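Examining the three-dimensional arrangement
What follows is each chain in one-letter form.
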Amino acid sequence: MIETSIKIKEALEHGRRTFAASDIEDPKLEAEVLLRHVLNIDRVRLYLDTGRELSAAEYATYRLVLKRRLNGEPSAYITGHREFFGLDFYVDYRVLIPRPETEIMVETALEFASARPVHLIADIGTGSGAVAVSLATRLTRATIYAVDISDEALTVAAENARKHGVSDRIRFLRGDLLAPIPEAVDMIIANLPYVKEAELREVNTWGYEPALALDGGKDGLDVIRRLIGQLKGKLKPGGALLMEIGAGQGSAVTEILADTFPRSELRLISDGAGFDRVVTLTIT
Ligand code: GLN
């Protein structure tokens, strides 16, 4: 006889074991996130109701979802959610899934904004809009240009702006890096693609995320270099550029910046693991 009923507790254990056997990281958490998604309940409810039985339809959906995850699809795409900077973002295959390390760049931006007035910001390569929306919720007087080359990404970003009630202060522009920015701004913030071509497969193992958001060319710096080439005249005096970079790209990027803008102030910020993560340039 085919097993058609299963309790929450058993479903969790089944998911955990299945993921562990396939070397998926955090198997327990993954099973929990996916089961909560299928049952549409919070974590507390899940653990209060461990004895409740899944309906046949719920069980079937859960099995399907486990299969998608086993095929390499990220949980964030399956559930449509990812938390970033304490906010819930809608994500799908059209955008890169926000990474926790990008919060460092957002924190650095808020620090800069606490030291001097920041009225106009440009977020370049906005993707899901995680950076632009996070900044908009904190800097309630700032206007933000959110730029992406991908129309599809801008659709997702606009949805996230609506979700967090900041649509009136974010202007979405489609185009190449700084090209569509109509005026000089106080701050440019950018998490551009910076993965080396040769390492692309490691990062985007199953090819679910848009390569456009990750691929930085041969040395990973193609897009960053292009943005720096467009920078002249786009920052107000005293304005700052903040860019996320990859581990080990710090000296190369600061060198390009120092060559292009000899009279600027540069700072390199590492992440918790001690890797280069954010570079900032202040125009003096
Ligand atoms: N930090 C991302 C990763 O390695 C790369 C994001 C990017 O290219 N901006 O998965």
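Details of the structure are given in the entry above.
Starting from 1, residues in each chain are numbered consecutively following that chain's sequence as written. Side-chain atom pairs in this predicted model are given and counted only at pLDDT of 80 or more, local residue features only at pLDDT of at least 70, and totals for whole chains, interfaces and linings cover all residues. Side-chain descriptors were evaluated using all non-hydrogen atoms of the structure, hydrogens and water having been removed beforehand.

1. Structural notes on the site of the ligand
One heavy atom within 4 Å of a molecule or strand makes the whole residue count as near it. Taken together, R99, E101, N191, L192, P193, Y194, V195, V203, A213, L214 and E244 make up the full set of residues near the ligand. The contact in question runs from a nitrogen atom of the ligand to an N or O atom on the side chain of N191, over 2.7 Å. Two N or O atoms form a polar contact when they lie within 3.5 Å of each other; inside protein one atom must be a possible hydrogen donor and the other a possible acceptor, and for residues adjacent in sequence the pair counts only when both atoms belong to side chains. In this structure, Y194 approaches the ligand through a side-chain N or O atom, which is 2.9 Å from a nitrogen atom. In the complex, the protein chains occlude 88% of the 300 Å² of accessible area that the ligand would expose alone. Classifying every residue of the shell around the ligand gives seven nonpolar, one polar and three charged. Computed with a 1.4 Å probe, the accessible areas rest on the Shrake-Rupley method; for each residue, only the protein chains presented here act as cover. Under the convention adopted here, Pro, Cys and the residues Ala, Val, Leu, Ile, Met, Phe, Trp and Tyr are nonpolar, Asp, Glu, Lys and Arg are charged, and Gly plus all remaining residues are polar.

2. Details of the sheet that holds strand β10 (residues 264–270)
Following DSSP output, two strands are said to pair if at least two bridges run between them. Secondary structure follows DSSP: runs of H or I at least 4 residues long count as helices, runs of E at least 2 residues long count as strands, and numbering of each begins at the N terminus. Strand order in this open sheet of seven strands is β7-β6-β5-β8-β9-β11-β10, and the pairing throughout is mixed. Of all strands in the sheet, those with a lone pairing partner are β7 (170–174) and β10, marking the two edges. Here the strands of the sheet are splayed against their neighbours by 15° on average, with no regard to which way each runs. Direction of pairing for strand β8 (residues 185–190) relative to strand β9 (residues 235–244): parallel, over a ladder of five bridges. Within β9, the residue paired with A190 across the bridge is M243. The strands touched by helix α8 (residues 151–163) within the sheet are β6 (143–148) and β7, with β7 carrying the most contacts at an inclination of about 175°. The contact criterion used is simple: two residues touch if any of their non-hydrogen atoms lie within 4.5 Å. For helices, the axis comes from a line fit to the C-alpha atoms of the stretch in contact; other axes are also lines fit to C-alpha atoms, and the angle between any two N-to-C directions lies between 0 and 180 degrees. Across the sheet, helix α11 (residues 250–260) touches β9, β10 and β11 (276–283), and the angle it forms with β11 is around 10°.

3. Focus on the side chain of T282
Looking at the element boundaries, T282 is found in strand β11. Relative accessible area decides the class of each residue, using a 1.4 Å probe on protein chains only: under 20% of the type maximum gives buried, over 50% gives exposed, and in between gives partly exposed. For T282, a relative accessible area of 18% puts it in the buried group. Once you skip the residues sitting within four places of it in the chain, T282 turns out to touch F112, G238, G239, A240, S264 and E265.

4. Side note on the nonpolar core
In terms of nonpolar packing, the biggest core is built from 32 residues, with I121, L135, I170 and I189 touching the most fellow members. Within the residue set of this core, elements represented by two or more residues are β4 (87–90), α6 (103–115), α7 (130–138), β6, β8 and β9. For this core, the leading source of residues is α6, giving seven residues. For I121, the contacting residues outside a window of four places in its chain are L135, L139, A142, T143, I144, Y145, V185, M187 and I189. Buried Ala, Val, Leu, Ile, Met, Phe, Trp, Tyr and Cys residues that are joined via side-chain atoms within 4.5 Å together make up what is termed a nonpolar core. With 29 residues, the next largest nonpolar core counts V185, Y194, L221 and V253 among its residues.

5. Some details on the layout of surface pockets
Both cavities and pockets are sets of points on a 1 Å grid over the protein atoms alone; in a cavity a 1.4 Å probe fits but cannot get out, in a pocket the set is open with protein on both sides within 12 Å along at least five of seven lines, and lining residues sit with an atom within 4 Å of a point. Grid points are joined across faces, edges and corners, and a volume is the space filled by probe spheres set on the points. Its volume calculated, the largest pocket comes out at about 1,200 Å³. Along its surface, the largest pocket is lined by 38 residues, and E30, R69, P74, S75 and R82 are the ones closest to its centre. Counting residues per element, the ones that place at least two in the lining of the largest pocket are α2 (27–39), α4 (56–70), α5 (75–79), β3 (81–84) and α9 (200–203). For the lining of the largest pocket, the leading source of residues is α2, giving six residues. Classifying every residue of the lining of the largest pocket gives 13 nonpolar, 10 polar and 15 charged. Put simply, the second largest pocket is a space of about 580 Å³. At the level of elements, β5 (120–124), α7, β6 and α10 (222–229) are the ones that each hand at least two residues to the lining of the second largest pocket. Tallied by class, the residues present in the lining of the second largest pocket amount to 18 nonpolar, eight polar and seven charged.

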